[in-house]
Amino acid sequence: MLSPIPILLTGLALVTLWFVIAWWRSARRGHPHGWPSPLQLAIGAIGLFFDTLGIGNYAPTTATFRFTKMVRDEWIPGTLNVGSSVPVALEAFAFVTAIAVDPLTLALMVPVGALGGYVGAGVVSRLPRRRVQLGMAIALVVGAIFMTVTNLQWIPGGGDAIGFSGPTLVAATLLNFGFCALNALGIGSYAPSLIVFSLLGMNPRSAFPIMMGSAAYGLPLAGIKFARTDKYDGRAALGMALGGIPGVLVAAYVVKSLPLEAIRWLVVIVVLYAGLSLLRTATAKQR
């Protein structure tokens, strides 16, 4: 089979270039920018470092913006999308080119995941946010427990496959669509993708190109919308972008160099963190 990687990466490069042009035009219109502070660069570096590990950067970066009152609340979503787009595209380039994954699996799951992120903005966002967050939190915590006992070899499970086939490929593709759609609810897709793909038999390292590729297409498209409407903080977004690039490169090296057993335990930590964070968010809204 002809490798889909050149096509996927060419498309990603074009989408990212489209986003950069939209951002540049926003600055030319006079939307306030300026050189980011050391703190803003650090927020980008640390947030995107953990994003590349699969933990995600939206929740901790949002908390930091609010705690420091650095970004107006109504501009936080736009700042996150605009600031993360270029580093996340770099994540995708790093993982797609360096980590083995089945070509058919990659060619099918990345576009469908990107479509899920696009559709999710208009459909999934209408669902009851608290119930979805609570349900996903419980599912992730249970999944982390299941993955733990699998890692301890108390029950059989997991696998070393670099892709899916047959009904499993169809199921994984549909699940990826749903996970990416949940981004519209503020629920990151990385943690559920890691746990489910691993438990379906995939080498968890091979899940990273799929996750990053799906996100890398969706973020610039959302970033274009925010850049065109100027609903973001230009200085903070630039800090995320410039600081995030070295953060991504360091974290990508960490993921690619870790042995498989360490990656499996990293998945448990990522999923448990995401599940407990969602549980805290969902229950806090009930008080």
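Quick note: structure is the one above.
Residues numbered from 1 in each chain as written. Predicted model: local features only at pLDDT ≥ 70, side-chain atom pairs only at ≥ 80, totals over all residues. Heavy atoms only, no water.

Q: Explain the overall build of the protein chain here, please?
A: A tally of regular secondary structure across the protein chain gives 11 helices and zero strands. The buried share of the protein chain, taken over its 287 residues, is 48%. Long-range pairs, those at least 24 residues apart, make up 88% of the contacts in the protein chain with a sequence separation of at least 6. As displayed, the protein chain offers around 13,300 Å² of accessible surface, 70% of which is attributable to carbon and sulfur atoms. The positive charge centre, built from 20 side chains, and the negative charge centre, built from 9, are 10 Å apart in the protein chain. (Helix = DSSP H or I, 4+ residues; strand = E, 2+ residues; numbered from the N terminus. Buried < 20%, exposed > 50% of the residue type's maximum accessible area, 1.4 Å probe, protein only. Contact = heavy atoms within 4.5 Å. Areas by Shrake-Rupley, 256 points an atom, 1.4 Å probe, with all protein chains shown as cover. Lys, Arg positive; Asp, Glu negative; His and termini not counted. Charge placed at Lys NZ, Arg CZ, Asp CG, Glu CD.)

Q: Teacher, can you tell me more about the nonpolar core here?
A: Counting 64 residues, the largest nonpolar core has Phe65, Leu140 and Phe197 as the members making the most contacts within it. Per-element tally for this core: the top contributor is helix α9 (residues 204–229), with nine residues. Beyond its immediate stretch of four places on either side in the chain, Phe197 contacts Met109, Phe164, Ala172, Asn176, Met202, Ala207 and Ile210. Membership of the second largest hydrophobic core comes to nine residues, among which are Ile224, Ala227, Tyr232 and Ala237. (Core = buried A, V, L, I, M, F, W, Y, C linked by side-chain atoms within 4.5 Å.)

Q: Whenever I open this one, the packing of aromatic side chains confuses me. Can you help?
A: Two descriptors summarise a pair of aromatic rings, namely the distance from one centre to the other and the angle between the planes of the rings. Under the criterion given, the structure shown has five aromatic pairs. Summarising the aromatic geometry, the rings of Phe19 and Trp23 are spaced 5.6 Å apart at their centres and angled 40° between planes, so their arrangement reads as tilted. Linking Phe19 with Trp23, this pair stays in helix α1 (residues 5–28), spanning four residues, or about one helical turn. Residues Phe19 and Trp23 agree in their burial class; the two are buried. Look at Phe49 and Phe50: their rings are 5.3 Å apart centre to centre, the planes differ by 85°, and that puts the pair in the edge-to-face class. Given the relative accessible area of 35%, Phe50 is considered partly exposed. The ring of Trp75 carries the charged tip of Arg72 above its face, separated from the ring centre by 4.1 Å. (Phe/Tyr/Trp six-rings, centres within 6.5 Å; stacked < 30°, edge-to-face > 60°. Lys NZ or Arg CZ within 6 Å of the ring centre and 35° of its normal.)

Q: Which parts of the structure should I look at to understand the pattern of salt bridges?
A: A side chain of one charge can pair with a side chain of the opposite charge if their charged atoms are brought near each other. Enumeration according to the criterion identifies four salt bridges in this entry. The partner of Asp230 in a salt bridge is Arg29, with the nearest N and O atoms 2.8 Å apart. In this pair, Asp230 sits in the loop between α9 and α10 (234–257) while Arg29 sits in the loop between α1 and α2 (38–52), placing the two residues 201 residues apart along the sequence. Classification of Asp230 by relative accessible area gives partly exposed; the value is 22%. Among the salt bridges present, the one from Glu74 reaches Arg72, with a minimum N-O distance of 2.9 Å. (Salt bridge = Lys/Arg side-chain N within 4 Å of Asp/Glu carboxyl O.)

Q: I would appreciate a short explanation of the side chain of Ser85 in the present structure.
A: You can see Ser85 is positioned in helix α4 (residues 76–98). Within the structure, the side chain of Ser85 is placed 2.6 Å from the backbone oxygen of Asn81, a separation counted as a polar contact. If near-sequence neighbours (up to four positions away) are discounted, Ser85 is found in contact with Phe19, Leu219, Pro220 and Gly223. (Polar contact = N/O pair within 3.5 Å; in protein donor to acceptor, adjacent residues only side chain to side chain.)

Limitation: the analysis is restricted to geometry and does not speak to function.
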